[in-house]
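Survey of secondary and tertiary structure
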Amino acid sequence: MGTGVKHLLDFQGWTVEGIQGILETADVMKEVLERPVKKVPALQGITVCTAFFENSTRTRTSFELAARRMSADVLTFAAGASSLSKGESLRDTIETLNAYKVDAFIVRHHASGAAHQVAKFSGKSTINAGDGRRAHPTQALLDAYTMLKEFGKLEGLKVTIVGDILHSRVARSNAELLDLLGADVTLCGPATLLPKELQKGRVKLTNDMQAAVKDADVVMALRLQQERMNGGFLPSMSEYALTYQVNERLLELAKDHAIVLHPGPMNRDLEISGSLADSERSRIIAQVEYGQAIRMSVLYHLLVGKK
Amino acid sequence: MHYKAQILDAHEMKRAMTRIAHEILERNKGATDLALVGIHTRGIPLAEQLAQKIAELEGIQVPTGKLDITLYRDDLSEISRQPIIRRTEINFDIGTKKIVLLDDVLFTGRTIRAALDALTDLGRPKSIQLAVMVDRGHRELPIRADYVGKNLPTSKTEVVKVKLAETDGEDVVELWELE
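Residues numbered from 1 in each chain as written. Chains lettered and ligands numbered in written order. Predicted model: local features only at pLDDT ≥ 70, side-chain atom pairs only at ≥ 80, totals over all residues. Heavy atoms only, no water.

**Structural notes on the overall build of chain B**
This is how it is decided: Strands are runs of DSSP state E lasting at least 2 residues, helices are runs of H or I lasting at least 4, and numbering of each runs from the N terminus. Computation of the radius of gyration draws on C-alpha atoms alone. For the globule rule, the value is 2.2 Å times the number of residues to the power 0.38. The cut-offs for exposure are 20% and 50% of the maximum accessible area for each residue type, with area from a 1.4 Å probe on protein chains only; residues under the lower value are buried, those over the upper are exposed, and the others partly exposed. By the convention used here, residues are in contact when the closest approach between their heavy atoms is within 4.5 Å.
Check the secondary structure of chain B and you find four helices and eight strands. Reading chain B from its N terminus to its C terminus gives the helix and strand order β-α-β-α-β-β-α-β-β-β-α-β. Here the C-alpha radius of gyration of chain B, 16 Å, is about what a compact globule of 179 residues would show, namely 16 Å. Seen along its three principal axes, the alpha-carbon backbone of chain B occupies a region of about 45 × 40 × 30 Å. Each of the 179 residues in chain B was classed as buried or not, and the buried ones make up 51%. Across chain B, contacts joining residues at least 24 apart in sequence account for 68% of those joining residues at least 6 apart.

Dropping the structure here:
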């Protein structure tokens, strides 16, 4: 076992074996989370810093709980209550936090490439918890793990991701990872939100929702980033919902066993119908649950056996 | 590393397991409430062999479980090579059981310390006892086995290999010397 890599910034430099190792270890972590004592001493003595320069609820809490459940100490940095508002640079902030003898950084930042910079400035193991529109690798891993638990394999699975692909780091990381693991990925959204460069390997782009969802095993709805509405990408939210909402009627085109995913937070009845999100086809809560096992596994792979 | 001697052959190992089964039944006054937990890797087939022996002797099938202690190692943040991590599978309520832990070799005692931590995180057994195929000495912690297949005084440069048919294709205990 062993990933042989120090950081998880995206999936560049990762092998299929390394990723499979993460997914397999997540099974062990899932079992830990089912025990009466949901904590193991594996990362005792290690300090992990969650440096979140952008708001987040589930990713930050999931990482912090994952680190604590491995017995790591957690240093929490939240940009809102920091000296960033006084003009401090990313580099100075990271170097200050690093002076507290941190062993690993978990970074979220609104700028693409920020996690790479943190890895460079700190010299420490760095996990990208979402940077700009570039990557969100642990979300992609937990999505892949959810599919694996459902279907037992990823190879040949037809996965359709719907929404604002252009601004979505989740779509990018999922396309990169699922293609690597042998799934057939279709990215679907309005033409203004479909970046051509993502069409490679088994990844297809389309704005035809019916064709995209037909015979799909997995349909993932992305959050419509309402802050993007001002950029002229979409005529109106109601028109978007009419054409691109993932709902029961649309799911009839997918395979009978098809499941629905959403990385959260959800705009109910906009990109996904509320009733579908609560239906037996939904694995949205499973995604959250598996996210913690995946993050424990990532911490184990990046931090154990690297001295 | 070079081969020095064979310590136990398959028959001797089988006899040792039969003796341990008798000792366990005698000490626990039968097999009621008993459960066997093997430590990955070779403790698991040993636990299964012992369960079979107890079934032959007592007519009771005692439950067996698998315990991985990797996440409980006290050197995990210091090591330079990532250990393989396996699933712990204990499908019975350990709070109602007298547990016998099984491992192939007892050496420093650190694996057993980790196993005690791992086990007590799963519940509070009535008692925990320890059975090993070979006790080679050199303890670093105050831990001793309740049931021992073979006491084998060794030097620290020697290596004891317990090979089992299930994991290694043959049942034999060998002594090797580090170069």
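There's plenty left to go through after this.
**Concerning the pattern of salt bridges**
Think of it this way: side chains of opposite charge can pair up when their charged atoms draw near. All names here are of chain B. Put simply, the rule is: Whenever a carboxyl oxygen of Asp or Glu lies within 4 Å of a side-chain nitrogen of Lys or Arg, that contact is scored as a salt bridge.
Evaluation of the coordinates by the stated rule reveals 32 salt bridges over all chains. Notably, a salt bridge pairs Glu 23 with Arg 19, separated by 3.1 Å at the nearest N-O pair. Here Glu 23 and its partner Arg 19 are both found in helix 1 (residues 10-27), four residues apart, which amounts to about one turn of the helix. You can call Glu 23 partly exposed: its relative accessible area is 28%. A relative accessible area of 33% means that Arg 19 is categorised as partly exposed. Salt bridges linked by common partners bring Asp 74, Arg 110, Arg 113, Asp 117 and Glu 140 together as one network.

**Side note on the environment of Val 246 of chain A**
All names here are of chain A. Assignment of secondary structure puts Val 246 in the loop between helix 8 (237-244) and helix 9 (248-251). Residue Val 246 is classed as buried on the basis of its relative accessible area, which comes to 0%. If we ignore the near neighbours within four places in the chain, the residues touching Val 246 are Val 162, Met 209, Val 219, Ala 221, Leu 251, Val 260, Glu 271, Ile 272, Ser 273 and Leu 276.

**Remarks on the packing of aromatic side chains**
The relative placement of two aromatic rings is captured by the distance of their centres and the angle of their planes. Residues and elements named next belong to chain A. The line we're drawing: Each Phe, Tyr or Trp ring (for Trp, its six-membered ring) is paired with any other whose centre lies within 6.5 Å, and the angle between the two planes then decides the class: stacked below 30 degrees, edge-to-face above 60, tilted in between.
Per the stated rule, a full pass over the model turns up four aromatic pairs over all chains. The interplanar angle of 90° and the centroid separation of 5.2 Å between the aromatic rings of Tyr 145 and Tyr 290 together place this pair among those described as edge-to-face. In this pair, Tyr 145 is assigned in helix 5 (residues 137-151) and Tyr 290 in helix 11 (residues 284-303), connecting sequence segments 145 residues apart. Judged by its relative accessible area of 0%, Tyr 145 is buried. Tyr 290 sits in the buried class, given a relative accessible area of 14%.

**Focus on the UniProt feature "domain: Phosphoribosyltransferase" (unreviewed entry) in chain B**
To keep things clear, this is the line we draw: UniProt positions are given in the numbering used here, feature names are shortened, and annotations may be inferred rather than shown by experiment.
Feature annotation in UniProt assigns "domain: Phosphoribosyltransferase" (unreviewed entry) to the following positions: residues 6-166 of chain B. Annotated as 30% helix and 26% strand, the span residues 6-166 of chain B places its first and last C-alpha atoms 19 Å apart.

**A word on the nonpolar core**
Which entries qualify depends on this criterion: Here, nonpolar core means buried Ala, Val, Leu, Ile, Met, Phe, Trp, Tyr and Cys residues that are tied together by side-chain atoms lying within 4.5 Å of each other. Residue ranges assigned to the domains are those given by an automatic or database domain assignment.
One finds Leu 141 of chain A together with Leu 67 and Leu 71 of chain B to be the most contacted residues of the largest nonpolar core, which totals 95 residues. If one sorts the elements of this core by residue count, helix 11 of chain A sits on top with ten residues. A domain-level breakdown of this core finds at least three residues from each of domain 1 (16-135 + 288-305) and domain 2 (137-284) of chain A. Contacts of Leu 67 of chain B, omitting those with residues within four sequence positions, involve Val 37, Gly 38, Ile 39, His 40, Thr 88, Ile 90, Leu 101, Ala 115, Ala 118, Leu 119 and Leu 122 of chain B. Counting residues in each nonpolar core, the second largest holds 31 residues, with Ile 7, Leu 34, Val 160 and Leu 175 of chain B among its members.

**Structural notes on the UniProt feature "short sequence motif: PRPP-binding" (unreviewed entry) in chain B**
When the UniProt feature table is mapped onto this chain, "short sequence motif: PRPP-binding" (unreviewed entry) is found at residues 99-111 of chain B. Helix makes up 15% of residues 99-111 of chain B and strand makes up 62%, while its end C-alpha atoms are separated by 16 Å.

**Comments concerning the interface of chain A and chain B**
Stated formally: Buried area is understood as the total, over both parts, of accessible area removed when two parts are fitted together, assessed with a 1.4 Å probe. Definition of a polar contact: a pair of N or O atoms within 3.5 Å, with one able to donate and the other able to accept a hydrogen when the atoms are protein atoms, and with sequence-neighbouring residues admitted only if both atoms are side-chain atoms. For this classification, the nonpolar set comprises Ala, Val, Leu, Ile, Met, Phe, Trp, Tyr, Cys and Pro, the charged set comprises Asp, Glu, Lys and Arg, and every other residue, Gly included, is treated as polar.
Listed by partner, the interface residues are 24 residues for chain A and 18 residues for chain B. Around 1900 Å² of area is buried between chain A and chain B when both sides are counted, 57% of it from carbon and sulfur atoms. There are seven residue pairs in polar contact (both at pLDDT 80 or more) connecting chain A and chain B. Elements supplying a minimum of two residues to the side of chain A that touches chain B: helix 1 (16-33) and helix 11 of chain A. No other element matches helix 1 of chain A, which puts six residues into the side of chain A that touches chain B. Taken together, the residues of the side of chain A that touches chain B break down into twelve nonpolar, six polar and six charged.

**Here we look at the UniProt feature "binding site: carbamoyl phosphate" (unreviewed entry) in chain A**
Residues and elements named next belong to chain A. Under the present numbering, the feature "binding site: carbamoyl phosphate" (unreviewed entry) in UniProt falls on Arg 58, Thr 59, Arg 108, His 136, Gln 139, Gly 264 and Pro 265. Here Arg 108 is to be found in strand 3 (residues 104-109). Apart from the residues lying within four places of it in its own chain, the contact partners of Arg 108 are Ala 51, Phe 52, Phe 53, Glu 54, Asn 55, Ser 56, Thr 59, Ala 129, Gly 130, His 136 and Arg 169. A relative accessible area of 45% places Pro 265 in the partly exposed class. Leave out the neighbours within four places in its chain, and Pro 265 touches Arg 58, Arg 223 and Glu 271.

**Topic: the sheet that holds strand 5 (residues 158-162) of chain A**
Residue and element names in this part refer to chain A. Applied cut-off: Here, any two strands with at least 2 DSSP bridges between them count as paired. Axis lines are fitted to C-alpha atoms, over the contacting stretch for helices. Their N-to-C directions set the angle, which ranges from 0 to 180 degrees.
Spatially, the five strands line up as an open sheet ordered 7-6-5-8-9, and their pairing is parallel. In this open sheet, the two edge strands, each paired with only one partner strand, are strand 7 (204-206) and strand 9 (259-261). With direction set aside, neighbouring strand axes in the sheet form an average angle of 20°. Bridging between strand 5 and strand 8 (residues 218-221) involves four bridges; their strand directions are parallel.

**Topic: the domain arrangement of chain A**
Residue and element names in this part refer to chain A. Assigned domains of chain A: these are domain 1 (16-135 + 288-305) and domain 2 (137-284). Between the C-alpha centres of domain 1 and domain 2 there is a distance of 26 Å. Tallying the contact residues gives 26 residues for domain 1 and 22 residues for domain 2. Both sides together, the interface formed by domain 1 and domain 2 hides about 2100 Å², and carbon and sulfur atoms give 64% of it. Its largest share of buried area at the contact with domain 2, domain 1 owes to Leu 23, Arg 133 and Tyr 290, together 31% of the area lost on that side. Ionic pairing is found between Glu 54 and Arg 169, a salt bridge with its closest N-O pair at 2.8 Å. Taken together, the links from domain 1 to domain 2 amount to seven residue pairs in polar contact (both at pLDDT 80 or more). Sorting the residues of the side of domain 1 that touches domain 2 by element identifies helix 1, helix 2 (58-69), strand 3, strand 4 (125-131) and helix 11 as the ones contributing at least two each. Here the residues of the side of domain 1 that touches domain 2 sort into twelve nonpolar, five polar and nine charged.

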